[in-house]
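Coordinate analysis (summary)
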Amino acid sequence: MAKRREHDRQRLPAFLSSGLTRAYVLVIGLTLACAAMAYGNREAEAVEQAPQYNDSLVAVTAPQRSLGSLKLPARSQMRVDFRQLPPAERDGMIEVTDDGQRLPRISAGGWMPWIAYARRFDPDGPAARVGLLMLNLGADEALMRRAIEELPPEVSLAFLAGTPDLRGWLKVARERGHECYLMLPVEDPAGPAERGIRPIEASADPAENLRRLRTAMARGEGCLGFVVPGPVLVAQSDLIARPLIKEIAERGLSLIEINPAGVSAMYRLTVDLGVAYARSSTVLDYKLAGQGSIDSNLERLAEWTAQRSSDRAPRHDFGVLQPTDAAIDAIVSWRKRLQDQNAVALVPIIGHFECREACMTRVRVQPAQLRP
């Protein structure tokens, strides 16, 4: 037996034949084993303690794997930018008319398109918020494609209702994370002309204006509502605007006005009829004397929003721009600087809406809509 043990010892490699060396190997082996166990425990904790977003975000986490001797890194959490409604609810927000138009409507469960189609954002981010809305997309296909593909997904997009293959472009825009709106087809001498859609006119019969409004609606499935491009005549007349805002309200859509002039007839009607509303007078690419470039205007918007005071609520504002190469380049560059500062949150336009008493009454019909 002694000879066998002696023979076995002689079969060990020469560098392990020393007792001191074997002791070192044992210590190193135990150290590695402890490190492996610690790594496994840390990973388990990382999976268990992964940050959970507010209910306004849907967090998808990888299922926990059973512990073993070697751990793979846990998959990062993925955020879903748009609500994932059941097919029945989504189908319920579409009315198919006798002439084949697909119009938005409030579902039987109370879901309104202006909330159901909105991009979600984290309400636990910085309290100061800015937003950006790019207007009149569709007149130039190359610029429209650049805006969809290159702008940050938090930037909201407003399309001309007459854009060729609009449904396809809206699908691509949503896949890229953009919240989408339609430009209200109105007489606007300063804006691009619509193609294939007659504008809403002050001189037209109310029934004809409603028909034109519904024609635009039918082309914008998945949009949150309409953008009024400026202080146009239609927006200033209660008589002309009332049937339009009533239709927008009944179909669960929202309204945005680009109106530096202040309160309009359309705003007062949205309050009365319970329509979600947002207004901006911040035109970032409109060069007034001494106002500077788009880039400097973006910086001023963020700086004004970030200013804090103990006697008022955090500020929020959104600006609008036309689709140009210069505007797209400026936004992309500015967004990177904004992320580094972490003082202001860039959120979609849904984060800037005003929803007063009549509006909130309609929202509460479906309580899940109260989540941002």
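Data block above holds the structure.
Residues numbered from 1 in each chain as written. Predicted model: local features only at pLDDT ≥ 70, side-chain atom pairs only at ≥ 80, totals over all residues. Heavy atoms only, no water.

**Here we look at the packing of helix α7 (residues 206-219) against helix α9 (residues 238-250)**
Interaxial distance between α7 and α9 falls to 10 Å at its minimum, and their mutual angle equals 35 degrees. Here α7 runs over α9; the crossing is right-handed. For the pair α7 and α9, contact is made by Asn-209, Leu-210, Leu-213, Arg-214 and Met-217 and by Ile-240, Pro-243, Leu-244, Glu-247 and Ile-248, respectively. Of the residues contributing to the contact of α7 with α9, the split by class is 7 nonpolar, 1 polar and 2 charged. (Axes fitted to C-alpha atoms, helices over the stretch in contact; angles between N-to-C directions. Helix = DSSP H or I, 4+ residues; strand = E, 2+ residues; numbered from the N terminus. Left-handed = near helix turned anticlockwise from the far one by under 90°. Contact = heavy atoms within 4.5 Å. Nonpolar A, V, L, I, M, F, W, Y, C, P; charged D, E, K, R; others polar.)

**A closer look at the state of the cysteines**
Summed over the entire model, instances satisfying the criterion amount to 1 disulfide. Each sulfur in the disulfide pair Cys-355 and Cys-359 lies 2.0 Å from the other. Judged by the sign of its S-S torsion, about -95 degrees, the cystine formed by Cys-355 and Cys-359 is left-handed. The exposure class of Cys-355 is partly exposed, given its relative accessible area of 23%. For Cys-359, a relative accessible area of 2% translates into the label buried. Free cysteine: Cys-223, not disulfide-bonded; nearest cysteine sulfur from Cys-180 at 5.6 Å. (Disulfide = S-S within 2.5 Å. Buried < 20%, exposed > 50% of the residue type's maximum accessible area, 1.4 Å probe, protein only.)

**What about the pairing of strand β8 (residues 225-228)?**
Every regular strand shows the same layout, with side chains that alternate between the two sheet faces. Bridge count for strand β7 (residues 180-183) against β8 is 2 bridges, and the pairing is parallel. Looking across to β8, one finds that Leu-182 is bridged to Phe-226. Sheet topology note: the β8/strand β9 (residues 254-258) ladder contains 4 bridges and is parallel. The residue of β9 that forms the bridge with Phe-226 is Leu-255. (Pairing = 2+ DSSP bridges.)

**A look at the environment of Ile-200**
Note on placement: Ile-200 falls in the loop between β7 and α7. Classification of Ile-200 as buried rests on a relative accessible area of 0%. Those residues in contact with Ile-200 that sit more than four places away from it in its chain are Leu-184, Pro-185, Val-186, Glu-187, Asn-209, Arg-212, Leu-213, Val-234 and Leu-244.

**So, the nonpolar core**
The biggest cluster of nonpolar side chains holds 62 residues, and the ones touching the most others in it are Leu-132, Phe-159 and Phe-226. Excluding residues within four positions of it along the chain, Leu-132 makes contact with Val-155, Ser-156, Leu-284, Leu-298, Leu-301, Phe-318, Gly-319, Leu-321, Ile-331, Trp-334, Leu-346 and Ile-349. Grouped together as the second largest cluster of nonpolar side chains are 32 residues, Trp-114, Val-320, Val-347 and Cys-359 included. (Core = buried A, V, L, I, M, F, W, Y, C linked by side-chain atoms within 4.5 Å.)

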